[in-house]
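These are the residues of each chain, in order.
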Amino acid sequence: MYVINTIPFKYLDLIDLQINHFYYSILMSYPVKNSDIEGQHILFQVTPVQLSKLRVLLAVVFSICSAFVFALALRYSRKFYNAFLFTQCQEESVATHYQIETVQGEQFVCAKKFIDNKPYFLFRMLKYRFNEQSKSYEPIEFDAKEKVISEIVQSRNTLSRDLKNQYFGTCQLKIPIESIFIYSLHAFTGPFNILQYFAVAIWFAEKTVLQPVLILIFTVLTVYLNYFLYVRSRRRLQQLANIHQEVSIKENDQIKVINGADLLPGDLLILKDNQTLNCDCAIIQGDVIVNEATLTGEGIPIPKSALPNQNSLFELEKMSQHCLFEGTKLIQVNNAQQNIAIVLRTGFTSLRGQYFRNVLFPESPSMRFYIQAAKFILEIAFIIAVVYGFLLIEYIPMEFKSSLLVLRFLDNIVWSIPPSMPIFFQICKTASLVRLEAKGVIGNNADKVESAGRIDTCCFDKTGTLTTLGFKAIKAFPEEEKPILDAIMGCCHHLIKINGQLLGDPLEIEMLNFVGWQCNFNNNPLTIDGNGKTYIIHKIFDFSSSKSMMSVIVTDGSKYYLYAKGSPESINSISIKKRDDLIEEFNLNAIKGYRVLGLAYKELQSNQIDQQREQLESQLNFVGLLVMENPLKSDTNEIITTLKESGLDIKVISGDNPLTTIQCGKLAGIINSDNEITFLDYNQQNQEIILQYQQPNSIQELESFIQTQQELALTGKFLEFMTNKGNFLVEPKNSANTVGKSQSKEKIFTEINQIDIDDGSFGQLTISIIKKTKVFARQKPEQKKLIIQIIQSFGRQVLMCGDGANDCSAISQAQVGISFSEADASYTAPFSSKSTSLDCVVKVLLQGKAATMTIIEVFQYQISVNTLKFVAVLFTFLEAETFADFQFTYTSIISNIPLLIFLCLSGPCDTLAKYNPLDDQFAIYNPNLNIQQFQIWGVAGLIVNYFISTAVRDVHTCEIDEPIDNCIPKPIEELKKSGDIQSVMFMSLMFFFMTFAINLYISNPFKQRYYRNYLLLLWTILGFILFFVSAIFPKGGKWAKLINVNDNAFKGYNWIMIAVVVIAALLGFITQAILQKYLPSKKKIEF
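Note that the coordinates shown come from a computational prediction; the quantities given were computed from them, not determined experimentally.

Parameters at a glance
- Residues numbered from 1 in each chain as written.
- Predicted model: local features only at pLDDT ≥ 70, side-chain atom pairs only at ≥ 80, totals over all residues.
- Heavy atoms only, no water.
- UniProt positions renumbered as here; feature names shortened; annotations may be inferred.
- Helix = DSSP H or I, 4+ residues; strand = E, 2+ residues; numbered from the N terminus.
- Expected span 1.5 Å × (residues − 1).
- Buried < 20%, exposed > 50% of the residue type's maximum accessible area, 1.4 Å probe, protein only.
- Pairing = 2+ DSSP bridges.
- Axes fitted to C-alpha atoms, helices over the stretch in contact; angles between N-to-C directions.
- Parallel < 35°, antiparallel > 145°, perpendicular 65-115°, else oblique.
- Left-handed = near helix turned anticlockwise from the far one by under 90°.
- Contact = heavy atoms within 4.5 Å.
- Salt bridge = Lys/Arg side-chain N within 4 Å of Asp/Glu carboxyl O.

K.L.:
Explain the UniProt feature "transmembrane region" (unreviewed entry) in the protein here, please?
P.N.:
Residues annotated by UniProt as "transmembrane region" (unreviewed entry) correspond here to residues 54–74, 180–204, 210–230, 376–396, 984–1002, 1014–1033 and 1053–1075. End-to-end, the C-alpha atoms of residues 376–396 are 30 Å apart, and along that stretch the chain is 95% helix and 0% strand. End C-alpha to end C-alpha, residues 1053–1075 measures 33 Å, and it is 96% helix and 0% strand.

K.L.:
Please explain helix H12 (residues 368–395) as it appears in this structure.
P.N.:
In a regular helix each residue adds 1.5 Å, so 28 residues correspond to 40 Å; H12 covers 39 Å between its end C-alpha atoms and thus fits that length. Buried within H12 we find Phe-369, Tyr-370, Gln-372, Ala-373, Phe-376, Ile-377, Ile-380, Ala-381, Ile-384, Tyr-388, Leu-391 and Tyr-395.

K.L.:
What exactly am I supposed to notice about the pairing of strand E4 (residues 97–102) here?
P.N.:
Counting buried positions over the six residues of E4 gives six, a clear majority of the element. As judged from the six bridges shared by strand E2 (residues 43–51) and E4, these two strands associate in the antiparallel manner. Across the sheet, Thr-47 pairs through a bridge with Gln-99, a residue of E4. Pairing between E4 and strand E5 (residues 107–111): five bridges, direction antiparallel. Bridge assignment links His-97 to a residue of E5, and that residue is Ala-111. The turn joining E4 and E5, which pair antiparallel and follow one another in sequence, is formed by four residues; a positive phi near 90° is taken by Gly-105.

K.L.:
Explain the sheet that holds strand E17 (residues 329–333) here, please?
P.N.:
In sheet architecture, strand pairing relies on hydrogen bonds along the backbone and comes in two forms, parallel and antiparallel. Ordered by their spatial adjacency, three strands build an open sheet running E15-E14-E17, and the pairing between neighbours is antiparallel. Two strands bound the open sheet, and with one partner strand each, they are strand E15 (301–305) and E17. Sheet twist, expressed as the average angle between the axes of neighbouring strands with direction ignored, equals 35°. Judged from the five bridges that link them, strand E14 (residues 287–291) and E15 form a sheet pairing that is antiparallel. Counterpart to Asn-291 in the pairing with E15 is Pro-301.

K.L.:
Looking at this model, I keep getting lost on the sheet that holds strand E16 (residues 323–324). Mind explaining?
P.N.:
Read from one edge to the other, the open sheet built from six strands follows the order E11-E10-E12-E18-E13-E16, with strand pairing classed as antiparallel. Both outer strands of the open sheet, strand E11 (254–259) and E16, are each paired with one neighbouring strand and no more. Here two bridges tie strand E13 (residues 280–285) to E16, and the two strands are oriented antiparallel to one another. Opposite Cys-281, over in E16, you have Leu-324 as the bridge partner.

K.L.:
Got a minute to help me understand the packing of helix H33 (residues 980–1000) against helix H36 (residues 1054–1078) in this structure?
P.N.:
Angle between the axes and distance between the axes: these two values describe a pair of packed helices. At a minimum axis separation of 10 Å, H33 and H36 run at an interaxial angle of 25°. Taken together, the axis directions place H33 and H36 in an arrangement best described as roughly parallel. Note on packing geometry: the crossing formed by H33 with H36 is right-handed. Contacts from Val-984, Met-987, Ser-988, Phe-991, Phe-992, Thr-995 and Asn-999 of H33 reach H36 at Met-1057, Val-1061, Val-1062, Ala-1064, Ala-1065, Gly-1068, Phe-1069 and Gln-1072.

K.L.:
Hey, could you run me through the pattern of salt bridges in this one?
P.N.:
Working definition: two side chains of opposite charge can pair if their charged atoms are close together. Considering all chains together, one arrives at 28 salt bridges under this definition. Between Arg-454 and Glu-450 there is a salt bridge, and its shortest N-O distance comes to 2.9 Å. The pair formed by Arg-454 and Glu-450 is uniform in burial state, with each residue classed as buried. Across the pair Lys-482 and Asp-486 runs a salt bridge, and its minimum N-O distance is 2.6 Å. Here Lys-482 pairs with Asp-486, and both are found in helix H17 (residues 482–491), just four residues apart, close to one helical turn. A residue is classified by how much of its surface remains accessible, and Lys-482, at 42% relative accessible area, is partly exposed.

In structure tokens form, the structure reads like this:
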């Protein structure tokens, strides 16, 4: 099944319908009739609105009057934009736009457009229209739902090709690339960019030129570098998305060759060898063999056949064995007849199109750190404003020009909110992506790197992720049934041979090799030699996920047989005689981690061979088992051990048998082999909860057992029961079954009443079960996603690692997703590993922790140095001085920007820590304690140097005992860009800026040591050299003039100034070491 459906529609019923009805009646909103083509971008409701021309005019006036502040408010607040510019409509016909709301609560406004005088709107590459009958909006798609197949074919050309093209668009995945103008408009009007322009204006007003010019140049270069990377990424997606080819269609009984981009839903497509499909379609004639690696990640040839009964209702989900999907490659077609498929979905409505929509419109990352950082910055800004207000007591008597006081206040506020901070955050994440790509892991979403630094739960698929895709046959049981078992294993498969190579499911290849029979692929129909007979394959029923089995009809020349293989439980359920002995043997081998297939047959009469599959696959003779080994990958146990030692909660989410998955979990080290493993299942037919655990010592009631510290396993049926049914009562039935020689036991509990899922006791029990469950077995694709959602509802940060389309929804839902496939399906995942090794998970987590810690340090550094700069400027203001242009440029750009860039390039340490970086800015032991203590010691150093400097200056530059302010001419209309105090403050800042980088850098346990970041190390050494040269030799000639240091600033006390800043830095280092020991900026991963 290849359906991405991120939120099962049945769970939307949990919404309070009465509230919604009231809401709709007030707002004239309409519900949305959802479709699976929406993928994870599901709309909830649509409200027709009208753009008010009067309000647009008012917005223009307000924007001009407010220097475009009002326009920016409209740009940043989507809700304000919607509320101010649009009015609600009583009738849909007068609407100019649609206000839409997604199931996640996001709001958007889409323009109203028309096709054939009928309104529609475009949202995230899909078109929606109003359905008059249901009074709801729905995605525009080819009308094939709930229709008879023959009717679909007959009515396929109801619309003209021109109208079809307008409704459905071209058969292409058009990856949009913003123009450089639009990109620039968005980039240069970001919140921090606006703050940057504000700062530049202030600096120009203060007659500081060099610094603002360099800041603007740096901003422009950064924006267009990001645009270059954006365009490169989008062009790469375009190359992956577009399939350029000519195709043949059947029109009016004639074959017509057209460009593949011109295919439209309803076209009859001629299928040919080696063709790559660029649409989703259903086969109505012929049969083909395809490679769906672009969807599943597994290059296994899969047979597809024509829809068997064109008088039945078309159901895509149930008929996937007759449907072809975009990106699929046709390996071989049946040349004995014409192979025709009807086109169903094109462009972004196709399954592959949904994958690319997920890439184009990813879920927004967590903003907790940034929101808290913004609050902390505002606190700093408030403190700065208060301090500045207090110092006005000193400033006002000095008779400063009013504009100077205002500019200085605004300048200080700007320093408290570093406008370049987001640029360095992005550099941290981009550098991590570059390092990952060098290690064979491709990332397509930089924000997910930061998310990887907070992961506390890792979920893995089983087959192809924890284990290899290969199989090794161990034995067929029982031995006395060998002739019929050999016949089933030799015939019940759908293998092909192309260019002399046997292709197909690795399990079936191993099964055929195990039995040693010979297939004559050149014969039509296929013949197989074995047991001294020649078997002719009459019909093949491919594997059905709903039935968990496949079957074939064969004849040995005298009789017809149905041979079947599949899940032993499924085979046993449709057998004439229930084989408890085989189920016992199955359980014994499943517990050991083996893959076990049930083998069955049925003798047929010649008049039965054309019956429906449901009739044929009943009343079987369950005769034996095939035991196969699906070994773990070579590094699975090692990687899982590493992850567990780091404190992560590890879970398996698989579609495989529970007992096999449990044993796989034990072999991988996910489950402690010494622990009891409780296995929860649900019998829907008898409405029974089955509690089965794998230790023989005791049987406990369900609730009391859940309260213990045991690890659990549960099936998809039990999960469905929990989410759909409600409460259950732990009351034993009289019967109990014994499972095999393992001495495992079952206890049956009956559901005797149904309580809503909102029931408190059931909710708590459900939470407890999910938290303790290590193995989720027999899970459908949509259930995998649901499990991730439930785990996230506990506040967990989840990583999902899997391969294939059945994992795509779960990968998209998780905070971080990793795929092993390089196929298109892997682009659903933020990270894709070029190799199949599980060490890609460790690589992503290492980079994530390092990047998150670096982002925190960048934040701390910029806040610390700006606060220190604010204090230094306050002191220079007392002398009516300010920093010279070069000094401003050095402290803001020359010193800091390279240092921050090199800091962002810090790599991860070699081992995975059992901690995550502490990014909670308001925790009792938050990382801002580092900022505060550095600020305290830095400010203390500046204060001491200020008072020493003023004391020295009183003797040498003013008349004895004359107040210092009398040395400054009044009124003060302009600040001096040279002087003793500004020289001393500048020299002190030179030293503190380098020491802050060292003291704030926390390598253990997330990042490489400071000395291993060679660029950062060299830059700080250079900074220290410049400081000591300038401080020891204050009369440094040209260098002193360049940095605007006053030759008479120190008057012989330069060594005291050096001692003061060194002692302050050492005290800061000692304090930081103590804080890191007792209040570390890391949090242990705990649950």
